[in-house]
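Each chain, letter by letter, is given below.
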4 protein chains.
Amino acid sequence: MMDRLLRRCRIKSRLFRECLAEFFGVYILILFGCGSVAQVTTSQNTKGEYLSINLGFALGTTFGIYVAKGVSGAHLNPAVSLTLCVLGRFSWTCLPFYVCSQLLGAFLAAATVALQYYDAIMDFTGGHLTVSGATATAGIFSTYPADYLSLWGGVVDQIIGTAALLVCVLALGDPRNTPAPPGLEPVLVGAAVLVIGISMGSNSGYAINPARDFGPRLFSYIAGWGDEVFRAGHGWWWVPVFVTCVGAFLGALLYELLIGVHHPDSEPEEAEDLTAVLQQTVELDGLEMELLEGAETGDEVVGGASALTDRPL
Amino acid sequence: MMDRLLRRCRIKSRLFRECLAEFFGVYILILFGCGSVAQVTTSQNTKGEYLSINLGFALGTTFGIYVAKGVSGAHLNPAVSLTLCVLGRFSWTCLPFYVCSQLLGAFLAAATVALQYYDAIMDFTGGHLTVSGATATAGIFSTYPADYLSLWGGVVDQIIGTAALLVCVLALGDPRNTPAPPGLEPVLVGAAVLVIGISMGSNSGYAINPARDFGPRLFSYIAGWGDEVFRAGHGWWWVPVFVTCVGAFLGALLYELLIGVHHPDSEPEEAEDLTAVLQQTVELDGLEMELLEGAETGDEVVGGASALTDRPL
Amino acid sequence: MMDRLLRRCRIKSRLFRECLAEFFGVYILILFGCGSVAQVTTSQNTKGEYLSINLGFALGTTFGIYVAKGVSGAHLNPAVSLTLCVLGRFSWTCLPFYVCSQLLGAFLAAATVALQYYDAIMDFTGGHLTVSGATATAGIFSTYPADYLSLWGGVVDQIIGTAALLVCVLALGDPRNTPAPPGLEPVLVGAAVLVIGISMGSNSGYAINPARDFGPRLFSYIAGWGDEVFRAGHGWWWVPVFVTCVGAFLGALLYELLIGVHHPDSEPEEAEDLTAVLQQTVELDGLEMELLEGAETGDEVVGGASALTDRPL
Amino acid sequence: MMDRLLRRCRIKSRLFRECLAEFFGVYILILFGCGSVAQVTTSQNTKGEYLSINLGFALGTTFGIYVAKGVSGAHLNPAVSLTLCVLGRFSWTCLPFYVCSQLLGAFLAAATVALQYYDAIMDFTGGHLTVSGATATAGIFSTYPADYLSLWGGVVDQIIGTAALLVCVLALGDPRNTPAPPGLEPVLVGAAVLVIGISMGSNSGYAINPARDFGPRLFSYIAGWGDEVFRAGHGWWWVPVFVTCVGAFLGALLYELLIGVHHPDSEPEEAEDLTAVLQQTVELDGLEMELLEGAETGDEVVGGASALTDRPL
């Protein structure tokens, strides 16, 4: 019965389904990520430490990807979506829909974290919601630069961080390199976010994702932290929004120029397509059936296999 | 010889075997989980920290699932069993048996932890078993809310936490999304428990499981901590028992409404069934045999495959 | 050339090869495990913490298993070898050879750790090698009970700890439950050692392995810590040596009685054999060949498959 | 369009492609590894701890391998390349090219870390770039021995550490032992680096890689830390450069003498080849096709399978 009720809610539009997945994936990412910052901040490091926050965003990314990957590919990051467009691997038409869904997911997740930690934040701050000072809590939602960081230093920091993310993601997904085992890509992308947080987190909190930073910042602006969230750090807010896009493109370019484009062309390309198909176990049966039908009817087996090359993947 | 002795103990009833598995799975989960709290508490943070407790419950969940999954499916959580019933994926008749087994496992595991840490608890408390204060030890067994937490705050906290658990578990098991690789589901569900502990643990100790909380609480009531275990936190005990069930259902609903129901229907559904079968390597041979017999006798291969759709999975 | 030189050293005796593997596996386990204790102890917690020690023994176990598993099955623990004998899964004749190799590996690894940390130990202790006190270093090599622990408490602690280890190991290797994915068993057994260290480490240092404890203790006795290593903790040394064997057997019994023996017998048993074969990809080809030959010649495919049941696995 | 632009940059030379991969792999390794030291040092342990550094180098290794493995095999370590030459598994001609690429990658990564942490280093040191003292920052780039460590102690430390690395790497890649699952080798080699850092890191910072230590040291010499980087620790710099090569060879010898050479020869060798082929899913289809063609045409299936033995892998 429940089943039939649920089926009535089915949406046929592919883009809408994908947007829902991007929305929900980013929601999970921020719920766990910002949640871990809230826990460490309001418990004053007694129920977690900096490494917990790194793990929170890493596993948040992992489960955000598990939630969305089968539907939308789990970009979960406007800078990633944009870079894929530039590389010709994602449609420019879908881009604004993806970005809006990602932002909405991050905004609502921030609201959920604020709801879950409402008592804790009130107790910790005494009701004064501030961006800086001993009981600052704006850092639960979005990133702020360290006092010593110059604007240029922040720009360089975000470019390097986002570029490193894209290099790792592209390497993990390159079927002609050493791709991550099917079903473990979300864990390994999470590990990339972990190591970026461990090695590039102290300057400005490794936003490396416009939606992760701007959505929650907008929420904190509305929810009582005021316009200081945009003015703090000499107007830091635009750096995680725009500079990360430059960094993402730069990282993708670096990976392609140093590794991607040099993969030998002829035979391995066909092999790649077959591998990709084999990795999508969903289609494995199709392959075997074709092979078997070939075996039965006497068709060229090799022909049946190479026909897969033409299929859109 | 040993082998023959053991075989005499074989139980034929499927439900009884499943209940034993649920019992033992929860036992392992609580043995490691509450054990890690006991270690951190009685060693006064010298032999572990909050992250150790998160890891203890996460890996406890992982090994609890490894112990039970092949037999009972490893719910290990009454809120999960109940939600599966509501969704029509588990039998209402079996529900009370599962829940009792889970509670019994948690109760006996708490007793085992108390036995293993008897000397440590006596040394740490000087023999005064209390629920609050500097040498409080009731928190080894069940959860208590932070001082600042209002009842509504606690209700919201447990709803969000359990909903997040169900979203992760359903995503990991959805064959039309990005399912966890076969044999690694226990590790990934453990990772979900880890990130919930890291990001939602400080308000009230992330019970997110009625058996995990109520079984050990009952033990601590009997074993000398007295009725304070039920009175503490303005009668907190019922929140992890009942509210988690609401949260679990809400999480399942969210996943289905945002992701699950929208998977396209026609062909991929058949593919899904095949994938599920392929993932159960136990049955892989059966599939190949059918396919091969089809190839041999000239039967429709597609027909042989779609016959699998009718099989209960 | 190097290759040919090495080939001359080849040993044909299967038992000798297995003993070398057990020796080297335990050597790696103790090298990393005791090494991490040495690092935390001599750096006075500045270059590691209790969790590092847990990780050191966990990953030591993982790599010890990777080194030995393909050759000897990687027991790496006399209590495990003995339990397998009692269960009829390992030969009593080989037992003493395995145990001696394990002890020798642990002894030499302790010597290697002492060599690598010689300067550090001398600097930290000022040359006074003691078992207790502020600069005690005997704990680098073997386990000592906490001050509060009674002898009975220690016995219970070691029984529960080793039983938990065996439950996890048997669950991970049970092909009719949810077995660990091929090639990842070492990681998951390491994870079991990690969670035991996190939840059962503070009472007496979770020896749970006679070789791990007695080999290094013997080394520390000879190397200058004197007979205090045997007298400390009211003669604690025999508990990790003998009680762990009782615990291991108890854990195996528990797993078999609650899970193992109840797996349904008839069809699934055949499936189990097939699964086991499928997991050994080395033999996968053989299976498919038989199936295909069956398909070709018209033999009963089921018959060809059940023939596998007779093969020793 | 982007795609066509990139394709113009394709390099045909195999050696050059491999050198680019080694360069980029080491770059990623050092970027994350030294980055994590920079974060812990300049944040004065508030945004990380010693375990973060261990994780930084471990995951740096993991992603360095993911970036390079499919192209160059991901040695990422001159001591590894040299040992493979001595064992006859890598070409002496390519060795100098690999080593130079590795050094260049480490050098440029150190420069990138210095750029990203420029403001932080300036703030932390007040502009005084020193090798020792309370605000020493040379340790961000390369390793220095602890005060207590004698030269011989350091030599022993680096020999044991690098030998342990090679034993783990060879075990993980030995197809006749328990090889790491395809696609997870980078994670497991990273885990080996993690446990070496946890158990052998406090004496002299576990360089265990000439490029990892010498490249960044050269950068720090040029960038303002001066010739103290070569004079410190009684001229420590040459130990990580040369002694690690001895240790790597010793470790490889130990693994081969204790495990590798004793694998039985005759049949299993063929099995090994088949396994290797099966693990390369790219070629899986080929195998199945041959088998199926055999089934169809009545050729000897066994003959078709053993033909694979002759194929170069």
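Definitions and cut-offs
- Per-chain numbering applies: the sequence of each chain, read as written, is numbered from 1 onward.
- Chains and ligands are labelled sequentially in the order written, the chains with letters from A and the ligands with numbers from 1.
- Two thresholds apply to this predicted model, a pLDDT of at least 70 for residue-level local features and 80 or more for giving and counting side-chain atom pairs, whereas whole-chain, interface and lining totals are computed over all residues.
- For the side-chain quantities, the full set of heavy atoms in the structure was used; hydrogens and water were omitted.
- The numbering of helices and of strands both runs from the N terminus, where a helix is a DSSP run of H or I of at least 4 residues and a strand a run of E of at least 2.
- The criterion used for residue contact is that any of the two residues' heavy atoms lie within 4.5 Å.
- Only the protein chains shown count as cover for residues, with accessible areas throughout obtained via the Shrake-Rupley method and a probe of 1.4 Å.
- Under the scheme applied here, a residue whose accessible area is under 20% of the maximum for its type counts as buried, over 50% as exposed, and between as partly exposed, the area being computed with a 1.4 Å probe on protein chains only.
- UniProt positions are given in the numbering used here, feature names are shortened, and annotations may be inferred rather than shown by experiment.
- A helix is expected to span 1.5 Å multiplied by its residue count minus one.
- Here the bend at each residue means the angle between axes fitted to two seven-residue stretches, the one ending at that residue and the one beginning there.
- The copies were overlaid by least squares, fitting only the C-alpha atoms of residues that reach a pLDDT of 70 or more in each copy.
- Residue-level confidence of the predictor is summarised by pLDDT, bounded by 0 at the bottom and 100 at the top.
- In what follows, salt bridge is the name for a side-chain nitrogen of Lys or Arg lying within 4 Å of a carboxyl oxygen of Asp or Glu.
- Patch rule: a residue counts if its relative accessible area is over 30% and it has no salt bridge; like charges are joined within 9 Å, and nonpolar side chains (Val, Leu, Ile, Met, Phe, Trp, Tyr) within 5 Å.
- Nonpolar cores were defined as sets of buried Ala, Val, Leu, Ile, Met, Phe, Trp, Tyr and Cys residues, with membership established by side-chain atoms within 4.5 Å.
- What gets called buried area is simply the loss in accessible area from a 1.4 Å probe that two parts show on being joined, summed for both.
- What qualifies as a polar contact is a pair of N or O atoms within 3.5 Å, subject to a donor-acceptor requirement within protein and to the restriction that residues adjacent in sequence count only when both atoms come from side chains.
- Classification used: nonpolar for Ala, Val, Leu, Ile, Met, Phe, Trp, Tyr, Cys and Pro, charged for Asp, Glu, Lys and Arg, polar for all others including Gly.
- Pairs were defined over the aromatic rings of Phe, Tyr and Trp, the Trp ring being its six-membered one, requiring ring centres within 6.5 Å. Orientation was assigned from the angle between planes: stacked under 30 degrees, edge-to-face over 60, tilted for the rest.
- Look at NZ for Lys and CZ for Arg. If either is within 6 Å of the ring centre and within 35 degrees of the ring normal, a charge sits over the ring.
- For helices, the fitted line uses only the C-alpha atoms of the stretch in contact; every axis is such a line through C-alpha atoms, and the angle between N-to-C directions lies from 0 to 180 degrees.
- Any angle that falls under 35 degrees is termed roughly parallel, while one over 145 is termed roughly antiparallel, one within 65 to 115 roughly perpendicular, and all others oblique.
- Working rule for handedness: look at the near helix, and if it is turned counterclockwise from the far one by less than a right angle, call the crossing left-handed; if clockwise, right-handed.
- A pair of sulfur atoms, both from cysteines and within 2.5 Å, is called a disulfide here.

A. A look at the overall build of chain A. A tally of helices and strands in chain A yields 14 helices and zero strands. Shown N-terminal to C-terminal, the secondary structure of chain A runs as helices and strands in the order α-α-α-α-α-α-α-α-α-α-α-α-α-α. Sequence-distant contacts, at least 24 apart, represent 75% of the contacts inside chain A between residues at least 6 apart. In the form shown here, chain A has an accessible surface area of approximately 11,500 Å², with 62% of it arising from carbon and sulfur atoms.

B. Layout of the side chain of Asn54(C). With respect to the helices, strands and loops of the structure, Asn54(C) is situated in helix α3 (residues 50-72). Here Asn54(C) is in contact with Leu194(C), Gly197(C), Ile198(C) and Tyr206(C), once residues within four sequence places are set aside.

C. How the structure looks around the side chain of Thr62(A). All names here are of chain A. You can see threonine 62 is positioned in helix α3 (residues 50-72). Judged by its relative accessible area of 3%, threonine 62 falls in the buried class. Setting aside anything within four residues of it in sequence, one finds threonine 62 in contact with Pro186, Val187 and Gly190.

D. Just the UniProt feature "transmembrane region" (unreviewed entry) in chain A, in detail. Following the UniProt record, one finds the feature "transmembrane region" (unreviewed entry) at residues 20-38, 50-68, 97-118, 151-172, 184-208 and 235-255 of chain A. Regarding residues 20-38 of chain A, the helix share stands at 100% and the strand share at 0%, and the terminal C-alpha atoms are separated by 26 Å.

E. Summary view of helix α11 (residues 238-258) of chain D. For α11(D), with 21 residues, the first-to-last C-alpha span of 30 Å sits near the 30 Å given by 1.5 Å per residue. The sharpest bend along α11(D) measures roughly 30 degrees and falls at Thr244(D).

F. Spatial organisation of the relation of the copies chain B and chain A. Superposing chain B onto chain A takes a rotation of 90 degrees plus a shift of 0.0 Å along the axis, which leaves an RMSD of 0.0 Å. Both copies are brought into coincidence by an operation consistent with a four-fold rotation axis.

G. Highlighting the confidence of the model for chain A. Residue and element names in this part refer to chain A. Summarising the model, chain A shows a mean pLDDT of 86, and 84% of its residues fall at 70 or more. In this model, residues 267-313 is a region of pLDDT below 50 whose contacts with residues beyond four sequence positions or in other chains number 60 contacts. As scored by the predictor, the complex reaches a pTM of 0.87 and an ipTM of 0.85.

H. Examining the pattern of salt bridges more closely. All names here are of chain A. Applying the stated criterion across every chain, the model contains 24 salt bridges over all chains. Residue arginine 89 is joined to glutamate 256 by a salt bridge in which the shortest nitrogen-to-oxygen separation is 2.9 Å. With a gap of 167 residues between them, arginine 89 in the loop between α4 (78-86) and α5 (95-116) and glutamate 256 in helix α11 (residues 238-258) connect regions that are remote in the sequence. Glutamate 256 gets classed as buried once you look at its relative accessible area, which sits at 8%. If you follow the salt bridges from partner to partner, you end up with Asp227, Glu228 and Arg231 in one network.

I. Spatial organisation of a nonpolar patch on the surface. Among the surface-exposed residues, Leu151(A), Trp238(A) and Phe242(A) lie close enough to one another that they form a single nonpolar patch of about 290 Å² accessible area. Following the sequence through the fold, Trp238(A) ends up in helix α11.

J. Spatial organisation of the nonpolar core. Core analysis: the biggest nonpolar cluster contains 361 residues, and Phe63(A), Phe63(B), Phe24(C), Phe63(C) and Phe63(D) have the highest contact counts within it. Ignoring any residue separated from it by four or fewer positions in sequence, one finds Phe63(A) in contact with Ile28(A), Phe32(A), Cys168(B), Leu172(B), Leu188(B), Ala191(B), Ala192(B) and Val195(B).

K. Layout of the interface of chain B and chain A. In this assembly, 62 residues from chain B lie in contact with 57 residues from chain A. Between chain B and chain A lies a buried interface of about 5,000 Å² when both sides are counted; carbon and sulfur atoms form 70% of it. Counting every contact that joins chain B to chain A gives zero salt bridges. Inspection of the region where chain B meets chain A yields 16 residue pairs in polar contact (both at pLDDT 80 or more). Secondary-structure elements contributing two or more residues to the side of chain B that touches chain A are α3 (50-72), α7 (151-173), α8 (185-200), α11 (238-258), α12 (266-279), α13 (281-297) and α14 (301-310) of chain B. Looking at side-chain class alone, the side of chain B that touches chain A contains 43 nonpolar, 14 polar and five charged residues.

L. Molecular detail of the relation of the copies chain C and chain D. For the pair chain C and chain D, the superposition axis carries a translation of 0.0 Å, the fit reaches an RMSD of 0.0 Å, and the rotation angle comes to 90 degrees. The residues that chain C uses at the interface reappear at the interface of chain D in only 9% of cases, marking distinct surfaces.

M. Broad picture of helix α3 (residues 50-72) of chain D. Residue and element names in this part refer to chain D. Here α3 is 23 residues long and its end C-alpha atoms lie 31 Å apart, about the 33 Å a rise of 1.5 Å per residue gives. The largest bend in α3 amounts to roughly 35 degrees and is located at tyrosine 66. Of all 23 residues making up α3, 21 are buried, and the element is well covered by its neighbours. In the segment just after α3, glycine 73 is the residue with positive phi, at about 90 degrees.

N. Spotlight on the environment of Phe57(B). Residues and elements named next belong to chain B. When you line up the elements, phenylalanine 57 lands in helix α3. Judged by its relative accessible area of 5%, phenylalanine 57 is buried. Considered as a pair, phenylalanine 57 and glutamate 228 are 171 residues apart in the sequence and their alpha carbons are 25 Å apart.

O. Highlighting the interface of chain C and chain D. Contacts between the two partners involve 58 residues from chain C and, on the opposite side, 63 residues from chain D. Around 5,000 Å² of area is buried between chain C and chain D when both sides are counted, 70% of it from carbon and sulfur atoms. At the boundary of chain C with chain D, the tally comes to zero salt bridges. If you look at where chain C meets chain D, you find 16 residue pairs in polar contact (both at pLDDT 80 or more). For the side of chain C that touches chain D, the secondary-structure elements that each account for two or more residues are α1 (2-8), α2 (14-42), α3, α5 (95-116), α6 (118-125), α8 (185-200) and α13 (281-297) of chain C. Ranked by residue count, the leading element in the side of chain C that touches chain D is α3(C), at 14 residues. Its residues placed into classes, the side of chain C that touches chain D shows 31 nonpolar, 15 polar and 12 charged.

P. Summary view of the packing of aromatic side chains. All told, the structure shown has 50 aromatic pairs over all chains when counted by the stated rule. Between Tyr221(A) and Phe230(A) the ring centres are 5.4 Å apart and the planes differ by 70 degrees, which places this aromatic pair in the edge-to-face class. On the basis of relative accessible area, Tyr221(A) is assigned to the partly exposed category, the value being 39%. Ring centres of Phe141(C) and Trp225(C) lie 5.1 Å apart, and the angle between their planes is 65 degrees; on these two criteria the pair is classed as edge-to-face. Placement of Phe141(C) in the loop between α6 and α7 (151-173) and of Trp225(C) in helix α9 (residues 210-225) is noted, with a sequence separation of 84 residues between them. By the burial criterion, Phe141(C) is buried, and Trp225(C) matches it. Among the aromatic side chains, those forming a connected cluster through ring pairs are Phe214(A), Tyr221(A), Phe230(A), Trp237(A) and Phe242(A). The ring of Tyr144(A) carries the charged tip of Arg217(A) above its face, separated from the ring centre by 5.0 Å.

Q. A look at the packing of α5(A) against helix α9 (residues 210-225) of chain A. All names here are of chain A. Where α5 meets α9, the axes come as close as 8 Å, and the angle between the chain directions of the two elements is 50 degrees. What the angle tells us is that α5 and α9 run oblique. Seen from above, α5 lies across α9 with right-handed handedness. Here α5 contributes Gln102, Leu103, Ala106, Phe107, Ala110, Ala111 and Ala114 to the contact with α9, which in turn contributes Ala211, Phe214, Gly215, Pro216, Leu218, Phe219 and Ile222. Among the residues making up the contact of α5 with α9, the classes are represented as 12 nonpolar, two polar and no charged.

R. Here's a closer look at the packing of helix α9 (residues 210-225) of chain B against helix α10 (residues 228-235) of chain B. All names here are of chain B. Between α9 and α10, the least distance of the axes is 9 Å, while the angle of their chain directions is 120 degrees. The angle between α9 and α10 places the two elements in the oblique class. Taking contact as the criterion, the partners of Phe214, Arg217, Leu218, Ser220, Tyr221 and Trp225 in α9 are, on α10, Glu228, Val229 and Phe230.

S. Looking closely at unusual backbone geometry. Within the chain, Gln44(B) stands out as a residue other than glycine whose phi angle is a positive 50 degrees. In this fold, Gln44(B) is placed in the loop between α2 (14-42) and α3. Its relative accessible area of 56% is what places Gln44(B) among the exposed residues. Positive phi outside glycine occurs at Asn45(C), with the angle close to 65 degrees. Structurally, Asn45(C) is set in the loop between α2 and α3.

T. Looking closely at the state of the cysteines. All names here are of chain A. If you walk through the whole model with that rule in mind, you get zero disulfides over all chains. With no disulfide of its own, cysteine 9 lies closest to cysteine 19 among cysteine sulfurs, the gap being 18 Å. As a non-bridged cysteine, cysteine 85 has cysteine 94 as the owner of its nearest cysteine sulfur, 8.1 Å distant.

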